[in-house]
Structure formats: structure tokens, C-alpha cells
Amino acid sequence: MKIGIIGAGNIGGNLTRRLTALGHEVSVANSRGPHTLTALAEETGATPVPVEEAARGAQVVVVTVPLKAVPNLPSGLLDGAAEGVAVIDTGNYYPQQRDGRIAAIEDEGLTESRWTERHIGHPVIKAFNGTYAQDILERPRPAGAPDRMALPVAGDDQSAKRVVRDLIDELGFDTVDAGGIDDSWHQQPGTPVYGLREGVAGVTKALAEASKERPADFRG
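Model, not experiment: these values are computed from the prediction.

Chemist: How do you make sense of helix α7 (residues 158-171) when you look at a structure like this?
Modeler: Turn by turn, an α-helix covers 3.6 residues, leaving residues three or four places apart pointing in a common direction. Spanning 14 residues, α7 covers 20 Å between terminal C-alpha atoms, matching the ideal 20 Å at 1.5 Å per step. The set of residues buried in α7 consists of Ala160, Lys161, Val164, Arg165, Leu167, Ile168 and Leu171. All buried residues of α7 fall inside an arc of 160° around its axis, so they share one side. Of the residues flanking the start of α7, the one acting as N-cap is Asp157, its side-chain oxygen 3.0 Å from the backbone nitrogen of Ser159. Looking at the residues trailing α7, positive phi occurs at Gly172, about 110°.

Chemist: How should the sheet that holds strand β2 (residues 25-29) be read in this particular structure?
Modeler: Picture the strands of a sheet paired through backbone hydrogen bonds; they go either parallel or antiparallel. Across the sheet, which stays open at both edges, the 8 strands sit in the order β3-β2-β1-β4-β5-β6-β7-β8 with mixed pairing between neighbours. Sheet topology places β3 (47-48) and β8 (174-177) at the edges, where each strand pairs with a single neighbour. When strand β1 (residues 2-6) meets β2, the two strands line up parallel, connected through 5 bridges. Across the sheet, residue Gly4 finds its bridge partner in β2, namely Ser27. Contacting β1, β4 (60-63), β5 (86-89), β6 (125-126), β7 (150-155) and β8, α7 runs over the sheet at an angle of about 165° to β7. Sitting on the sheet, helix α8 (residues 200-208) touches β7 and β8, and the angle it makes with β8 is about 30°.

Chemist: Would you mind showing me how to read empty space enclosed by the protein here?
Modeler: Vacant regions in the atomic arrangement are exposed by a probe of water-molecule size rolled over the atoms. Taken as a whole and judged by the stated rule, the model has 1 cavity of 30 Å³ or more. Computed from the structure, the largest cavity encloses a volume of approximately 80 Å³. Lining the largest cavity, in full, are Phe128, Asn129, Gly130, Thr131, Ala150, Leu151, Pro152, Gln187, Val193, Tyr194 and Leu196. Here the lining of the largest cavity is composed, by residue class, of 7 nonpolar, 4 polar and no charged.

Chemist: Teacher, can you tell me more about the pattern of salt bridges here?
Modeler: Think of it this way: side chains of opposite charge can pair up when their charged atoms draw near. Inspection of the entire model under this criterion finds 17 salt bridges. Salt-bridge contacts for Asp147 lead to Arg141; the nearest nitrogen and oxygen are separated by 2.9 Å. On the basis of relative accessibility, which here comes to 40%, the residue Asp147 falls in the partly exposed class.

So, how was this worked out
Residues numbered from 1 in each chain as written. Predicted model: local features only at pLDDT ≥ 70, side-chain atom pairs only at ≥ 80, totals over all residues. Heavy atoms only, no water. Helix = DSSP H or I, 4+ residues; strand = E, 2+ residues; numbered from the N terminus. Expected span 1.5 Å × (residues − 1). Buried < 20%, exposed > 50% of the residue type's maximum accessible area, 1.4 Å probe, protein only. Arc of directions from axis to C-beta. Polar contact = N/O pair within 3.5 Å; in protein donor to acceptor, adjacent residues only side chain to side chain. Pairing = 2+ DSSP bridges. Contact = heavy atoms within 4.5 Å. Axes fitted to C-alpha atoms, helices over the stretch in contact; angles between N-to-C directions. 1 Å grid on protein atoms, 1.4 Å probe; cavity = no way out; pocket = protein on both sides within 12 Å on 5 of 7 lines; lining within 4 Å. Points joined across faces, edges and corners; volume = space filled by probe spheres on them. Nonpolar A, V, L, I, M, F, W, Y, C, P; charged D, E, K, R; others polar. Salt bridge = Lys/Arg side-chain N within 4 Å of Asp/Glu carboxyl O.

Listed below in C-alpha cells is the structure:
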């Protein structure tokens, strides 16, 4: 598949490494420009591009930038993407640590991914938000392995969700359907599943145990 990755931090960089190794055609962008991605491109074979071009022709686009940076993404970000593009949102809201207070999340009760979805103007699939970046490199296991990790995946577009779940399976992880984007609070920071390294049963249990009330550490 042709995959665009917007954000080359820990998650974006390691997804670039794994997805290129699996044979996907990856374009990667960051806020500082393609010239800063030369080393990652040489290591992986990915193509560094400006943010405006990351989604061009892509069947999957991964948005993996700090939440506070989402409103600064260029308008028409997905205009050149393939029809039916699946957009993965890996983002988390860290008001005290990084992002500042976002009223729509705290006062209106929007989930983090619903807020992101409104800014980019396209449905998203929330995945990888509670995954340790190093696990993307070190924890893949074949299907059926007893120690295979599972990742929660939330989204409203069932077709896009299927594409994302299949891609995660290819990366070496099981998935658990965590519902729609309005249900994605089950996997936000501070919930039992966030950072959990367990299989399908453990992830399913953790999602069910989540509280909708945002923990104090993750309120602005």
C-alpha cells in the first residue's frame, strides 16, 4: 500500500521503519521539512516530503503529531489521497505536560480524536495512542502467539477500521474493536488500557473498566 505518515517522532519514525520493511511505499513528513528526514529516509527507503504532499495517493495516512499542532496542519491535507483513505490518529491530549487547555475537549466533552477529526475534516481511526514506540519494533509476534499484544482500535468508518486492523495484524499485533470515535475515551491517557501490554482478553477487560471521567493528571 501507499502510506503517508505525518509526524516523524517516536511513533511515526518506528511505523516508518516497520511499514517500509513490510514492503509498503511510505512517504513521511514533519513540521521541519523534508531536509530534516534524510537520515530516516536513508535508513528505511521512505520518501521525505512536505506535509502538504504526505497524503498524495495514499490509501492510509497516519497523523502522529502533538495535539496542539493539529490546528496548524495545512487545510486540504487529504485532498490528494486515494478514495476511501483510512486516516489513523495516534494523538493524545496532555494539557499539563504539553498541549495547554483545549476547551472543546474539557468543556464540550469531545473525545480527543473527535476534536482532531473536526480539524482535519475527515473521519479518523484512533490507534497506537497508548502503544510504546519501542514495542512497535520489539514486540511484533506471529498470529496465534501466546504473548502477542493487542491494540485497541476505535472509529466510525467500518471499512477504514478494517483496513487499519488488517495493517496492525500485518505489523504483528492483534486488535480489539473499541467502538466508535465517541467511545474512544476508553483508550485515552489515564485509562486502564493506555500503555497496557496484554492480549485480546486483557485489552477487552481494560476497555470495559475505563471511566469516562478524565483523571486529574490529564485535565487542564
